[in-house]
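# Overview (structure and organization)
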Amino acid sequence: LQALALQIGQEISYNELAQNFGVKLETIERYITLLESCYVVYRLPALSGNRPAGVSNRKRKVYFYDLGIRNALIQSLQPMGMRADKEALWENFCQNERMKWWQGQPKTTTRYYWRGLYGEVDLVEIANGKEQAYEFRSEEQKVNVPKYFKEAYPQARLELIHQKNFLDWLK
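Given the structure is predicted, the values throughout are model-derived calculations rather than measurements.

The rules behind the values
Residues numbered from 1 in each chain as written. Predicted model: local features only at pLDDT ≥ 70, side-chain atom pairs only at ≥ 80, totals over all residues. Heavy atoms only, no water. Helix = DSSP H or I, 4+ residues; strand = E, 2+ residues; numbered from the N terminus. Rg over C-alpha atoms; globule rule 2.2 N^0.38 Å. Areas by Shrake-Rupley, 256 points an atom, 1.4 Å probe, with all protein chains shown as cover. Lys, Arg positive; Asp, Glu negative; His and termini not counted. Charge placed at Lys NZ, Arg CZ, Asp CG, Glu CD. Contact = heavy atoms within 4.5 Å. Polar contact = N/O pair within 3.5 Å; in protein donor to acceptor, adjacent residues only side chain to side chain.

### A look at the overall build of the protein
Scanning the protein from terminus to terminus reveals seven helices and six strands. For the protein, the α and β elements follow one another from N to C terminus as α-α-α-β-β-α-α-β-β-β-α-β-α. Computed over its C-alpha atoms, the radius of gyration of the protein comes to 16 Å, within 12% of the 16 Å expected for a compact globule of 171 residues. Overall, the protein is about 45 × 35 × 35 Å in size when its C-alpha atoms are taken along their principal axes. Counting every atom, the protein has about 10100 Å² of accessible surface; 51% of that belongs to carbon and sulfur. Taken together, the 24 basic and 20 acidic charged side chains of the protein have centroids lying 3 Å from each other.

### Description of the environment of Ala133
On the secondary structure map, Ala133 appears in strand 5 (residues 130-136). Between the alpha carbons of Ala133 and Leu123 there is a distance of 5.7 Å; along the sequence they are 10 residues apart. Discounting residues that sit within four places of it in the chain, Ala133 has contacts with Val121, Leu123, Val124, Phe149, Arg157, Leu158 and Glu159.

### Section: the side chain of Lys61
Within the secondary structure, Lys61 is located in strand 2 (residues 55-64). Among the polar contacts listed, one links the side chain of Lys61 to the backbone oxygen of Gly9, at a separation of 3.3 Å. Setting aside residues no more than four positions away along its own chain, Lys61 makes contact with Gly9, Gln10, Glu11, Ile12, Tyr42, Arg43, Leu44, Glu91, Tyr113, Glu120 and Asp122.

And the structure:
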C-alpha cells in the first residue's frame, strides 16, 4: 500500500512492484484486485499511445478512494501548500470527484488516461462515441495538447481543471 501511495498520479508497473518485493507478478495483481474490491484503491486503464481507441492492458494508474488513508500510509499530513506531492493529490482528488459525478448521471462513460512519448493526459472520458480530455493542475496555467494525442484523437478537446474552475466542471 505504501508503494502504491507513493506512486499516485504515475503509471504503475506490476513487474517493478513484484521485483521490489520479491513476489510473483500474479501476487501483485491479486493484491491490487483485492484492494480494489475493498474500495481502498481503484485502477484507471490507459488508452494506448500507439493506436487510436486501443486500450492497453499493461499500463494503469492506481488511485486511492480516501486520500486521508493514503496520506497516513506515507505519514505525510502537511497542508497542501507545503507538500511535494501537491499535484498528484490534486489529480487523485479530481479523479475521485469526477467518478462520483458520473455515478449520478443517467448516461455511462468509460474513463482512461493517455500517455504517449511526449506527453500525458490525466483523464479521457468517452461517452456516446465522443472523447473529452482533462488535465489536472492545482493552479491555472497554459497546457498544450500532446501532439500524438491530437493525432490519435483529433475530435477530443483538452480542458484544464484547476481550483478556480473545479466546481463548474462538476455541474
